[in-house]
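# Commentary on secondary and tertiary structure
Each chain, letter by letter, is given below.
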Amino acid sequence: MITAVRKPLNEIIEMVAPYEKILVTGCGTCVTIDYSGGAKEAAILASQLRIARRLGGKKLETLEQTVERQCEWEFVKEFTDHAAECQAIISMACGAGIQTVAAAFPDKPVFPGVNTRFVGMPQKQGVWEERCICCGNCVLHLTGGLCPFARCAKTLLNGPCEGSQDGKCEVNRELDCVWQQIYDILKEKGRLADLQKIFPLRDWSTGEDGGYRITVREDMML
Amino acid sequence: MSANSGLKKLLEKGEFVIIAGIGIPRGADFKPLEERYKLLEKKVNAFYIPDNPGANVYLLGLAAAVHLQKLGGETLLELNCRDRNRIAIQSSILGTAALGIPNLLFSTGDHQTLGNFRGAKRVYDVDLTQAIQIARGMRDEKKFSNGEEVEQPPSVFIGAEVNPFADPLEFRPALMAKKVEAGADFVQTRAVFDLERFGKWIKLVRQQKPLQKIPILAGIMPLVSVEHAKALQEAPGMIVPDSLVQRLESSSKPEEEGIKVAKEIINQVKKMEGVRGIVLHAGGMESLIPQLIT
Ligand code: SF4
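Below is a summary of the structure that appears in this document. Please read these numbers as outputs of a predicted model, since none were measured by experiment. (Residues numbered from 1 in each chain as written. Chains lettered and ligands numbered in written order. Predicted model: local features only at pLDDT ≥ 70, side-chain atom pairs only at ≥ 80, totals over all residues. Heavy atoms only, no water.)

### Some thoughts on the overall build of chain A
Summing up its helical and strand segments, chain A has 9 helices and 9 strands in all. Against the 2.2 N^0.38 benchmark of 17 Å for 222 residues, chain A shows a C-alpha radius of gyration of 22 Å, more extended than a compact globule. C-alpha atoms of chain A, sized along the principal axes, occupy 65 × 45 × 25 Å. Burial status across chain A gives 43% buried among its 222 residues. Relative to all contacts within chain A whose residues are 6 or more apart in sequence, the contacts with residues 24 or more apart total 57%. Within the structure as shown, chain A displays about 12,000 Å² of accessible surface, and the carbon and sulfur contribution to it stands at 54%. (Helix = DSSP H or I, 4+ residues; strand = E, 2+ residues; numbered from the N terminus. Rg over C-alpha atoms; globule rule 2.2 N^0.38 Å. Buried < 20%, exposed > 50% of the residue type's maximum accessible area, 1.4 Å probe, protein only. Contact = heavy atoms within 4.5 Å. Areas by Shrake-Rupley, 256 points an atom, 1.4 Å probe, with all protein chains shown as cover.)

See below:
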């Protein structure tokens, strides 16, 4: 899932200060599951903004609407009526959703209500961890099912580095060193020989370093 | 132009080499570097030039190396993988060789968030082992990493950073073996304080035949105060035993005690198999180095 966190309230208050009627939009998929930008969070944000405005002696009207997925044209179209009534839109979806809304309503200022963080998973209740950097060339079968790009601060392929100690990463002692974990898992599986081979240079152009990515599937086109 | 490594010759002759890490200025002036150089001139075999250590900004290592070589000192220049991608690494290898810098030490590099420029973007396009592989390919096969031909191959004596104090200990010799397979001619360790751990690592390394002929240069750092020792205990990749901190604490002259400790460590590592030299990590404390090596 894509995870996000709500932007600080003051930042949002400032962004929408010039407007008197805004549409606060939630997304029903990832950001609903991680409690950052679903229907409930959209309602909370809308009321926080109204209260803040009233405390400042001014009025703010809000509409709220949440769709299944803000990252698809079909769904964001559902905002059309409400958007027409409002001067601005806050999108509480991930960056993909915010951009879809911004493109679908080019006449309206669209503001991000969350900071999109990473592709990850809920490790336990209330804790989400990064798992994938969408590199476009998966190596998880070689690294014991642990991603060295998402989880090693130096994106190493021949780790661990010279700062790994006690299973922890040199960057932050709260973080596990993923190369220690990869070592432990492959050792248990009797596959340490895999780690004795030099991983060759990587082609990063399949990831974000190659420019923004477009997937074309001729077989899926209408 | 290709560079001739005096360091390589000394190691081949079987001499015990002494390299001094030199403090690189943080301003656009070589004067402090010249002063430090004068303190050590003719006393050491080469000068080790760290590459923006601790992820902080210093004068460009290459510039410092060229200047020191002009003054007459041989240099061992560090190139980290934090600040340069494969394009910059290869152009640096060509440029350093053309400028007559004979020895390069490849390192991963302290992560950028550990220094004073936390917001910097990371590079880490290639890792240390891959950087060494690139250097060897350019030198011996006349090939860039993409297979294109190098017009004039660089002459470079290739060093690899290794850390006996990082984990997992039992895998560290295999990691060193990868660096050697990639092309490392010698390895340089982080500063040794924990002789027991260092001894264990040496023993494991010596069990691997291909590693037996690889010169190990042991890092040595004088502790100058109790605070210094305690700060190093917290630094990633270091092990400073409590017993050393206590020795400094109970001494009325901690700096002198620190020198004594460093001398003891030098004497011990000298006796260990495979250790063929030392690198004195005493940047900014160059005045202490002569005491350490006499
Ligand atoms: S300590 Fe481990 S996870 Fe952290 S940068 Fe080094 S190899 Fe990567």
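Still more to cover.
### Concerning the interface of chain B and chain A
Taken residue by residue, the interface counts 41 residues in chain B and 32 residues in chain A. It is Asp167, Phe171 and Lys178 of chain B that lose the most area in chain B upon contact with chain A, and together they represent 20% of the buried surface on that side. Where chain B touches chain A, the interface holds 2 salt bridges. Summed over the shared surface of chain B and chain A, the number is 24 residue pairs in polar contact (both at pLDDT 80 or more). The greatest single-element share of the side of chain B that touches chain A, amounting to 7 residues, is contributed by helix α6 (residues 172–182) of chain B. (Buried area = accessible area lost by both parts, 1.4 Å probe. Salt bridge = Lys/Arg side-chain N within 4 Å of Asp/Glu carboxyl O. Polar contact = N/O pair within 3.5 Å; in protein donor to acceptor, adjacent residues only side chain to side chain.)

### Side note on the sheet that holds strand β4 (residues 88–91) of chain A
Residues and elements named next belong to chain A. With respect to topology, 4 strands assemble into an open sheet ordered β3-β2-β4-β5, the strand pairing being parallel. Among the strands making up the open sheet, the edge pair consists of β3 (61–67) and β5 (110–112). Ignoring which end each strand starts from, the neighbouring axes of this sheet average 25° apart. The pairing of strand β2 (residues 21–27) with β3 spans 7 bridges and is parallel. Paired with Thr25 across the bridge in β3 is Gln65. Seen against the sheet, helix α3 (residues 39–55) touches β2, β3 and β4 and runs at an angle of roughly 170° to β3. (Pairing = 2+ DSSP bridges. Axes fitted to C-alpha atoms, helices over the stretch in contact; angles between N-to-C directions.)

### Structural notes on the site of the ligand
Surrounding the ligand, one finds 13 residues, the nearest of these being Cys152, Cys161, Cys169, Glu170 and Cys177 of chain A. For the shell around the ligand, the per-class residue count stands at 9 nonpolar, 1 polar and 3 charged. (Near = heavy atom within 4 Å. Nonpolar A, V, L, I, M, F, W, Y, C, P; charged D, E, K, R; others polar.)

### Quick word on the pairing of strand β3 (residues 75–80) of chain B
Residue and element names in this part refer to chain B. Within β3, 6 of the 6 residues are buried, leaving the element largely enclosed by the surrounding structure. Bridge count between strand β2 (residues 46–49) and β3: 3 bridges; the pairing is parallel. Note that in β3 the partner of Tyr48 across the bridge is Leu76. Handedness of the β-α-β unit built from β2, helix α3 (residues 61–71) and β3 comes out right-handed. (Right-handed = clockwise from strand over helix to strand, strands pointing away.)

### Considerations on the sheet that holds strand β6 (residues 114–124) of chain A
All names here are of chain A. Reading across the sheet, the 3 strands line up as β1-β6-β7 and stay open at both edges, with antiparallel pairing between neighbours. Each edge of the open sheet is held by one strand with a lone partner, namely β1 (2–6) and β7 (127–132). Along the sheet, successive strands turn relative to each other by an average axial angle of 70°, direction set aside. The pairing of β6 with β7 spans 5 bridges and is antiparallel.

### Considering helix α5 (residues 128–140) of chain B
An α-helical turn contains 3.6 residues, so a residue and the one three or four places further along point in the same direction. Residue and element names in this part refer to chain B. Along its 13 residues, α5 runs 18 Å from first to last C-alpha, staying within 8% of the 18 Å computed at 1.5 Å per residue. Taken together, the buried positions of α5 are occupied by Leu128, Thr129, Gln130, Ala131, Ile132, Ile134, Ala135, Gly137 and Met138. Looking at the buried residues of α5, the elements they touch are α4 (86–98), β4 (103–107), β5 (157–162) and α6. Phi turns positive one or two residues past the end of α5, at Lys142, with a value near 55°. (Expected span 1.5 Å × (residues − 1).)

### A closer look at the environment of Leu204 of chain B
Residue and element names in this part refer to chain B. Locating Leu204 in the fold gives a position in helix α7 (residues 195–206). The exposure class assigned to Leu204 is partly exposed, which follows from its relative accessible area of 26%. Sequence separation of Leu204 and Lys143 is 61 residues, and the distance between their C-alpha atoms is 34 Å. With residues near it in sequence (within four places) discarded, Leu204 still touches Leu169, Glu170 and Pro173.

### Observations regarding the packing of α6 of chain B against α7 of chain B
Residues and elements named next belong to chain B. The contact between α6 and α7 brings their axes to 9 Å, and the two run at 55°. Between α6 and α7, the angle falls in the class oblique. As α6 runs across α7, the sense of the crossing is right-handed. Mapping the contact onto sequence places Arg172, Pro173 and Met176 in α6 and Trp201, Leu204 and Val205 in α7. Residue composition of the contact of α6 with α7, grouped by class: 5 nonpolar, no polar and 1 charged. (Parallel < 35°, antiparallel > 145°, perpendicular 65-115°, else oblique. Left-handed = near helix turned anticlockwise from the far one by under 90°.)

### Focus: the environment of Met15 of chain A
Take Met15 of chain A: it is sitting in helix α1 (residues 9–15). Aside from chain neighbours lying at most four places away, what touches Met15 of chain A is Lys7, Phe111 and Pro112 of chain A.

### Section: unusual backbone geometry
The omega torsion across Gly159 of chain A and Pro160 of chain A is -5°, close enough to zero to call that bond cis. Within the secondary structure, Pro160 of chain A is located in the loop between α7 (148–151) and β8 (168–169). Along the chain, Asp167 of chain B connects to Pro168 of chain B via a cis peptide bond; the corresponding omega equals -15°. Looking at where Pro168 of chain B falls in the secondary structure, it is placed in the loop between β5 and α6. Of note in the backbone geometry, Tyr124 of chain B takes a positive phi value of approximately 45° without being a glycine. Mapped onto the secondary structure, Tyr124 of chain B falls in the loop between β4 and α5.

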